[in-house]
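The chain contents come next:
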Amino acid sequence: YSGHFYPGVREPGPFLALIDAFLDAEARYRNDIEIHIVGPLDRMESSFRAFQRWADVIKLLGQLQPELARQEIEAADGLINIGNTTSYQLPSKVVEYAESGKPILNLCFSADDSSAKFFDRYPLVCNIVMNSSSTPEAVELFRKFLDEMVGRKVDPDLVKEFVAPYR
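Rules of the game
Residues numbered from 1 in each chain as written. Predicted model: local features only at pLDDT ≥ 70, side-chain atom pairs only at ≥ 80, totals over all residues. Heavy atoms only, no water. Helix = DSSP H or I, 4+ residues; strand = E, 2+ residues; numbered from the N terminus. Buried < 20%, exposed > 50% of the residue type's maximum accessible area, 1.4 Å probe, protein only. Areas by Shrake-Rupley, 256 points an atom, 1.4 Å probe, with all protein chains shown as cover. Core = buried A, V, L, I, M, F, W, Y, C linked by side-chain atoms within 4.5 Å. Contact = heavy atoms within 4.5 Å. Axes fitted to C-alpha atoms, helices over the stretch in contact; angles between N-to-C directions. Parallel < 35°, antiparallel > 145°, perpendicular 65-115°, else oblique. Nonpolar A, V, L, I, M, F, W, Y, C, P; charged D, E, K, R; others polar. 1 Å grid on protein atoms, 1.4 Å probe; cavity = no way out; pocket = protein on both sides within 12 Å on 5 of 7 lines; lining within 4 Å. Points joined across faces, edges and corners; volume = space filled by probe spheres on them. Disulfide = S-S within 2.5 Å.

A. Quick look at the overall build of the chain. Helix and strand content of the chain: seven helices and five strands. Along its sequence from the N terminus, the chain presents helices and strands in the succession α-β-α-β-α-β-α-β-α-β-α-α. For the chain, the spread of C-alpha atoms along the three principal axes comes to 40 × 30 × 30 Å. Burial analysis of the chain (167 residues in total) assigns 47% to the buried set. Working note: accessible area of the chain is about 8,900 Å², and carbon and sulfur atoms make up 49% of it.

B. Representation of the nonpolar core in the model. The biggest cluster of nonpolar side chains holds 48 residues, and the ones touching the most others in it are Phe-15, Ile-37, Leu-105, Tyr-122, Ile-128 and Phe-142. For this core, the elements supplying multiple residues, two or more each, are helix 1 (13-25), strand 1 (35-38), strand 3 (79-82), helix 4 (93-100), strand 4 (104-108), strand 5 (125-129), helix 6 (135-148) and helix 7 (156-163). Element by element, the count of residues in this core is highest for helix 1, at six residues. Residues within four places of Ile-128 in sequence aside, it is in contact with Leu-18, Leu-105, Asn-106, Leu-107, Cys-108, Ala-138, Leu-141 and Phe-142.

C. View of the packing of helix 1 against helix 6. Running from amino to carboxyl end, helix 1 crosses helix 6 at an angle of 75°, the nearest separation of the two axes being 9 Å. If you check the angle between helix 1 and helix 6, you find them roughly perpendicular. Two secondary-structure elements touch here, helix 1 through Leu-18, Ile-19, Ala-21, Phe-22 and Ala-25 and helix 6 through Thr-135, Ala-138, Val-139, Phe-142, Arg-143 and Leu-146. Here the contact of helix 1 with helix 6 is built from residues that sort into nine nonpolar, one polar and one charged.

D. Just the layout of surface pockets, in detail. In this structure, the largest pocket occupies an estimated 540 Å³ of space. Here the element with the most residues in the lining of the largest pocket is helix 6; it accounts for four residues. In terms of residue class, the lining of the largest pocket is made up of 16 nonpolar, three polar and five charged. Taken as a whole, the second largest pocket holds about 360 Å³ of empty space. In terms of lining residues, the second largest pocket is bounded by 19 residues, among which Ser-2, Gly-3, His-4, Lys-93 and Glu-96 are the most central. Within the residue set of the lining of the second largest pocket, elements represented by two or more residues are helix 3 (66-75) and helix 4. Looking at the lining of the second largest pocket, the element that brings in the most residues is helix 3, giving four residues.

E. Broad picture of the state of the cysteines. According to the stated counting rule, one finds zero disulfides in the structure shown. Residue Cys-108 stays outside any disulfide, its sulfur separated by 9.3 Å from that of Cys-126, the closest cysteine. For Cys-126, a relative accessible area of 7% puts it in the buried group.

F. Focus on the environment of Leu-18. As for its position among the elements, Leu-18 is in helix 1. Accessibility expressed as a relative area gives 3% for Leu-18, which makes it buried. Setting aside residues up to four positions removed in sequence, Leu-18 forms contacts with Leu-107, Ile-128, Met-130, Ala-138, Val-139 and Phe-142.

Put into structure tokens, the structure is as follows:
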């Protein structure tokens, strides 16, 4: 994940709860995944403290220079987008994520999520709608994302075509 968190708009708590539930249910993955969080953490430090038991899995890198943040995206096997709770704001990083050609885990908070609409034709996206009743389904979707998408790449010509309108 690379980006800013905003209270009430984009918060890490639901994603962290998903990771917590996933690692409890799927212990065999504990040594196989590492999640890097890039961006300022000052507004959401308490959210991360609540999941301190996964500090070996969730690496908090904080604010990085733009070039280092791009290097993190390039080195990743998959990317995480935490959508906004508002349906009318599209996080600016989604175009950069799509341009990478990497698999994207997209966490949505409404049925008309702008990021899900954006990724509608992107071949390697896993949309997970986060709500209070979605945990077992979300855990299964996350497992499928890891097993079936992570490490793959979208054909560069398809990526060019997909991001062309946003250049």
